[in-house]
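Read off the chains here:
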Protein chains: 2
Amino acid sequence: MRSQPASMRDVAHRAGVSLSTVSRVLRGAPGVAPEVRRRVQHAADELSYVVSRNASGLVTGRTGRVAVIVPFLQPWFFGVALSGISDALREADLDMLVYQVGETRAREGWTRALPLRRNTDAVITVSMDLSEEECQRLDDVGVPMVLVGQCAPGRASVYIDDRAGTAGATQHLLNLGHTRIAYIGSRREEWSSGSSRHRLEGYEAGMAAAGLTPWSVSKATGRTGGELAMGELLSDRDPPTAVLAEFDGLAMGAHRILRRSGVRVPESISLMGFDNHDAAAVLDLTTVDQAPYDIGLTAGRLTVGVLDGTARSDSHVEMPTQIILRQSTASPRGSRGLSS
Amino acid sequence: MRSQPASMRDVAHRAGVSLSTVSRVLRGAPGVAPEVRRRVQHAADELSYVVSRNASGLVTGRTGRVAVIVPFLQPWFFGVALSGISDALREADLDMLVYQVGETRAREGWTRALPLRRNTDAVITVSMDLSEEECQRLDDVGVPMVLVGQCAPGRASVYIDDRAGTAGATQHLLNLGHTRIAYIGSRREEWSSGSSRHRLEGYEAGMAAAGLTPWSVSKATGRTGGELAMGELLSDRDPPTAVLAEFDGLAMGAHRILRRSGVRVPESISLMGFDNHDAAAVLDLTTVDQAPYDIGLTAGRLTVGVLDGTARSDSHVEMPTQIILRQSTASPRGSRGLSS
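Residues numbered from 1 in each chain as written. Chains lettered and ligands numbered in written order. Predicted model: local features only at pLDDT ≥ 70, side-chain atom pairs only at ≥ 80, totals over all residues. Heavy atoms only, no water.

Looking up chain A in an unreviewed UniProt entry gives the name LacI family DNA-binding transcriptional regulator, with the organism given as Nocardiopsis codii.

This is the structure:
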């Protein structure tokens, strides 16, 4: 069933033009009559001829590929962000290489382990929280770099304002009449996250502006972290009437503990997350949407812009967040225990 | 900050060997003394020299890349499967290109729009439900192909036994004492899914074996489909005591409707999904785990095996499924209405 792939020579022969004309047409170079261009494209279509990126790369110096570096591929956020990046690169006829660095991230010199050099025209990092040293090592790859989920001075960055997101969420809970608002943060051993820090700061600022003392608990990350933190809050002498979680995964763990303890949401405790995770709607969880698809699309288009010279390589794009009201937040019912 | 990338010539100079020796070492070719090999590798490390896939590809005929084709990147399943594929390819020092074909899938000749030829050593398709004609068009790319989530005769395939999965789930509900067991299937306009068909067949076979009449409802796909189907089932003169959904997304929609209608799970209706979606644990949903990470890892390793000649290009690997018992299924309480 497999046939020898058509060569550029085959296309030239069928179209009745020279090899260099085929090359010019397929590279999109100027100086070819429209009629000839159509004939070449038609012949290429008929022969299912696809330009070899390798061969064309040796001519243009471009690889036609962009590398996307993610810490993990499993969490919901990354699939959605990649979807946006993929669509943006597709618009520009660029291929997407994906590197999941996971545990290698912990290793000194992990950036060197990536075969990026000369294999890619640009690098997009997603939620990598790169140190300046790591940025510089990626600079050594010698291609443009766009950071997603991180705002680095002088570097192309696409990110949300995490502080404003949690400050807004805190204000929403204050507006409902809550004053005992606790915050569940994540705790990671591996590396510190800027986004994590900023979200806590936004909550603290929101509480301070209302003259209230912040109350944050951090046990672990993921759903387990939410379960542990909620357990501690429910064991307090005077439990909170509202809980804001750093991200939806933590809120889901907290929600599970509340359900199992028979504490009603939102009647006894209001619960709010951050991310608008796929499963937040399932739980009717009020949350802060950060639209990862739009973030990915924007980052992909910015990358294309930097490559073709229409965008600056130090552009900063701050993406909006949006509070999504669902059933998990409501006004507190006076000052009463959990069982009212 | 950016320096000129080191060339193979730089490596040769630092190691004090000829260019062709460097080339042999970096390609892993035989005939180089271990001591020389170490010296070249040390020099390459010091210079952060990374082999250009393009240049080495022109020598070996290999690109060092595998293309993964997915219909969508956003649904949870694909991120997890990609994570497994990525880890397997990484073990073999292969890069992963990802193509999200989405809507282009509907277009005639979508396979031709992929710049696969000569840009990739192999193609992995995930949940693409390829027709034989589409398979043949991908054959034209002229590289090995591995199908994930689809069992095609004569072609390397990694898949679960969907029929056995739903038959087992149905048996679980029968064992609990249910007899009025309804099935919620998906309905798609775009293309028919083999997995979808097989899951329905497994349920029907399980019911038939128990001498019961199958009862299936298909409205749409996703959570909306689950909501609509559950609405119909709750409006029946004699609602089911147990519901099995084709996948967790449908079960989540059904769960939402049950919650909003005040129908208790599992007291009044047992609910069971399929997939072990990220959010299934959050809802305490009993489900059938299909371990997409393992599926991806297996498919990636099979691809590597086909490329290096240690696996047959028509290997079929059937992955096991596993019922995950949670709180959403229980024995029915006699024959009574929904409100008991």
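J.: Before we go on, may I ask you to explain the overall build of chain A in this structure?
T.: Counting its secondary structure elements, chain A contains 11 helices and 12 strands. Taken over 340 residues, chain A has a buried fraction of 54%. In chain A, the share of contacts with a sequence separation of at least 24, taken over all contacts with a separation of at least 6, comes to 71%. Surface exposure of chain A reaches about 14200 Å², of which carbon and sulfur atoms provide 49%. (Helix = DSSP H or I, 4+ residues; strand = E, 2+ residues; numbered from the N terminus. Buried < 20%, exposed > 50% of the residue type's maximum accessible area, 1.4 Å probe, protein only. Contact = heavy atoms within 4.5 Å. Areas by Shrake-Rupley, 256 points an atom, 1.4 Å probe, with all protein chains shown as cover.)

J.: Looking at this model, I keep getting lost on empty space enclosed by the protein. Mind explaining?
T.: If a probe as big as a water molecule is rolled over the atoms, it shows which places are left empty. A complete count under the given rule lists 3 cavities of 30 Å³ or more for this structure. For the largest cavity, the calculated volume is near 70 Å³. Taken together, Val98, Tyr99 and Gln100 of chain A together with Ser86, Leu89, Arg90, Leu94, Asp95 and Met96 of chain B make up the full set of residues lining the largest cavity. If you list the elements that add at least two residues to the lining of the largest cavity, you get strand E2 (95-100) of chain A together with helix H5 (76-91) and strand E2 (95-100) of chain B. For the lining of the largest cavity, the per-class residue count stands at 5 nonpolar, 2 polar and 2 charged. One number sums up the size of the second largest cavity: a volume of about 50 Å³. As for the second largest cavity, its lining consists of Ser86, Arg90, Leu94, Asp95 and Met96 of chain A together with Val98, Tyr99 and Gln100 of chain B. Elements that contribute at least two residues to the lining of the second largest cavity include exactly helix H5 (76-91) and E2 of chain A together with E2 of chain B. (1 Å grid on protein atoms, 1.4 Å probe; cavity = no way out; pocket = protein on both sides within 12 Å on 5 of 7 lines; lining within 4 Å. Points joined across faces, edges and corners; volume = space filled by probe spheres on them. Nonpolar A, V, L, I, M, F, W, Y, C, P; charged D, E, K, R; others polar.)

J.: Help me understand the sheet that holds strand E9 (residues 270-272) of chain A in this model?
T.: Strands pair in a sheet through their backbones, by hydrogen bonds, and they do so in one of two ways: parallel or antiparallel. All names here are of chain A. Strand order in the open sheet formed by 4 strands is E7-E6-E8-E9, and the pairing between neighbours is parallel. With one partner strand each, in any of the chains shown, strand E7 (216-218) and E9 form the two edges of the open sheet. Neighbouring strand axes in the sheet, compared pairwise and without regard to direction, differ in orientation by 20 degrees on average. Bridge count for strand E8 (residues 242-245) against E9 is 3 bridges, and the pairing is parallel. (Pairing = 2+ DSSP bridges. Axes fitted to C-alpha atoms, helices over the stretch in contact; angles between N-to-C directions.)

J.: Before we go on, may I ask you to explain the environment of Ile323 of chain B in this structure?
T.: Residues and elements named next belong to chain B. Turning to its location among the elements, Ile323 is positioned in strand E12 (residues 322-324). Classification of Ile323 by relative accessible area gives partly exposed; the value is 29%. A C-alpha to C-alpha distance of 8.7 Å links Ile323 and Phe274, two positions 49 residues apart in sequence.

J.: When you look at the sheet that holds strand E8 (residues 242-245) of chain B in this model, what are you seeing that I'm missing?
T.: Residues and elements named next belong to chain B. An order of E7-E6-E8-E9 is seen for the 4 strands of this open sheet, with the pairing classed as parallel. Edge positions in the sheet fall to strand E7 (216-218) and strand E9 (270-272), since each has one partner strand and no second. Averaged over all adjacent pairs, the angle separating strand axes in this sheet is 20 degrees, with direction ignored. Two strands pair when backbone bridges link them, and strand E6 (residues 181-185) and E8 are joined in this way by 4 bridges, in the parallel orientation. Each residue of the ladder has a partner; that of Ile184, found in E8, is Ala245.

J.: I keep staring at the packing of helix H7 (residues 162-175) of chain A against helix H8 (residues 194-209) of chain A and nothing clicks. Help me out?
T.: To characterise two packed helices, one gives the angle between the axes of the helices and the distance between these axes. Residues and elements named next belong to chain A. Packing of H7 against H8 brings their axes to within 7 Å, and their N-to-C directions diverge by 35 degrees. The two elements H7 and H8 meet at a crossing, and its hand is right-handed. From H7, Asp162, Arg163, Thr166, Ala167, Thr170 and Leu174 reach across to H8, where they touch Ser195, His198, Arg199, Glu201, Gly202, Tyr203, Gly206 and Met207. Counted by class, the contact of H7 with H8 contains 4 nonpolar, 6 polar and 4 charged residues. (Left-handed = near helix turned anticlockwise from the far one by under 90°.)

J.: Hey, could you run me through the nonpolar core in this one?
T.: Side chains of nonpolar character tend, in soluble globular proteins, to be buried together. Ranked by internal contacts, the top residues of the largest apolar core, which has 84 residues, are Met96 and Val126 of chain A together with Met96 and Val126 of chain B. Contact partners of Met96 of chain B, with chain neighbours within four places excluded, come to Leu73, Met96, Leu97 and Val98 of chain A together with Val66, Val68, Leu82, Ile85, Ser86 and Leu89 of chain B. (Core = buried A, V, L, I, M, F, W, Y, C linked by side-chain atoms within 4.5 Å.)

J.: Looking at this structure, I do not really get the packing of aromatic side chains. What am I missing?
T.: Working definition: an aromatic ring pair is given by the centre-to-centre distance plus the angle between the planes. This model, assessed by the stated rule, comprises 6 aromatic pairs over all chains. When the centroid spacing of 6.4 Å and the interplanar angle of 65 degrees are considered together, the rings of Trp76 of chain A and Phe77 of chain A count as edge-to-face. Residue Trp76 of chain A is classed as buried on the basis of its relative accessible area of 12%. Geometrically, the ring pair formed by Phe77 of chain B and Phe78 of chain B is edge-to-face, given 5.5 Å between the ring centres and 85 degrees between the ring planes. You can call Phe77 of chain B buried: its relative accessible area is 13%. Members of the aromatic cluster, each reached through a chain of ring pairs, are Trp76, Phe77 and Phe78 of chain A. Taking NZ or CZ as reference, Arg199 of chain A lies 3.8 Å from the ring centre of Phe274 of chain A, over its face. (Phe/Tyr/Trp six-rings, centres within 6.5 Å; stacked < 30°, edge-to-face > 60°. Lys NZ or Arg CZ within 6 Å of the ring centre and 35° of its normal.)

J.: Explain the layout of surface pockets to me, please; I cannot follow it from the model alone.
T.: One number sums up the size of the second largest pocket: a volume of about 1100 Å³. Considering the residues around the second largest pocket, the lining is formed by 39 residues, among which Pro75, Phe77, Phe78, Arg188 and Phe247 of chain B are closest to the centre. Contributions of two or more residues to the lining of the second largest pocket are made by H5 of chain A together with H5, strand E5 (156-160), helix H8 (194-209), helix H9 (222-234) and helix H10 (248-260) of chain B. Class assignment for the residues of the lining of the second largest pocket results in 17 nonpolar, 12 polar and 10 charged.

J.: I tried to follow the pairing of E5 of chain B on my own but got confused; where do I start?
T.: Here is the key point about a regular strand: its side chains alternate between the two faces of the sheet. In terms of burial, E5 of chain B is largely enclosed, as 5 of its 5 residues are buried. Burial along E5 of chain B is two-sided: Ala156, Val158 and Ile160 of chain B and Ser157 and Tyr159 of chain B, pointing in opposite directions, are all buried.

J.: Got a minute to help me understand the environment of Leu176 of chain B in this structure?
T.: Residues and elements named next belong to chain B. Its place among the elements puts Leu176 in the loop between helix H7 (162-175) and E6. For Leu176 and Leu285, which are 109 residues apart along the polypeptide, the C-alpha to C-alpha distance reads 16 Å. Residue contacts for Leu176: discarding those within four places in its chain leaves Thr329, Ala330, Ser331 and Pro332.

J.: What is the right way to read the pattern of salt bridges from this model?
T.: Between side chains of opposite charge, pairing is possible as soon as their charged atoms come close. Residues and elements named next belong to chain A. Going through the model one piece at a time under the given rule, you end up with 30 salt bridges over all chains. A salt bridge links Arg199 to Asp275; the nearest nitrogen and oxygen atoms lie 3.5 Å apart. Of the two residues, Arg199 sits in helix H8 while Asp275 sits in the loop between E9 and strand E10 (287-289), which places them 76 residues apart along the sequence. (Salt bridge = Lys/Arg side-chain N within 4 Å of Asp/Glu carboxyl O.)

J.: Help me out: how do you make sense of the pairing of strand E3 (residues 122-126) of chain A in this one?
T.: All names here are of chain A. Within E3, 5 of the 5 residues are buried, leaving the element largely enclosed by the surrounding structure. What you see with E3 is no split at all: Ala122, Ile124 and Val126 on one side and Val123 and Thr125 on the other are buried throughout. Bridge count between strand E1 (residues 65-70) and E3: 4 bridges; the pairing is parallel. The residue of E3 that forms the bridge with Ala67 is Val123. For E3 and strand E4 (residues 145-148), the ladder comprises 4 bridges, and the chain directions are parallel. When the bridges of E4 are listed, Thr125 appears paired with Leu147.

J.: Would you explain the side chain of Ser195 of chain B in this entry?
T.: Within the secondary structure, Ser195 of chain B is located in helix H8. For Ser195 of chain B, a relative accessible area of 18% translates into the label buried.

J.: Where do I start with the side chain of Gln150 of chain A in this structure?
T.: Residue and element names in this part refer to chain A. By secondary structure assignment, the location of Gln150 is in the loop between E4 and strand E5 (156-160). Judged by its relative accessible area of 12%, Gln150 falls in the buried class. Looking at Gln150, its side chain comes within polar contact range of the main-chain oxygen of Leu130, at 2.7 Å. Other than its neighbours up to four places away in sequence, Gln150 contacts Asp129, Leu130, Ser157, Val158 and Tyr159. (Polar contact = N/O pair within 3.5 Å; in protein donor to acceptor, adjacent residues only side chain to side chain.)

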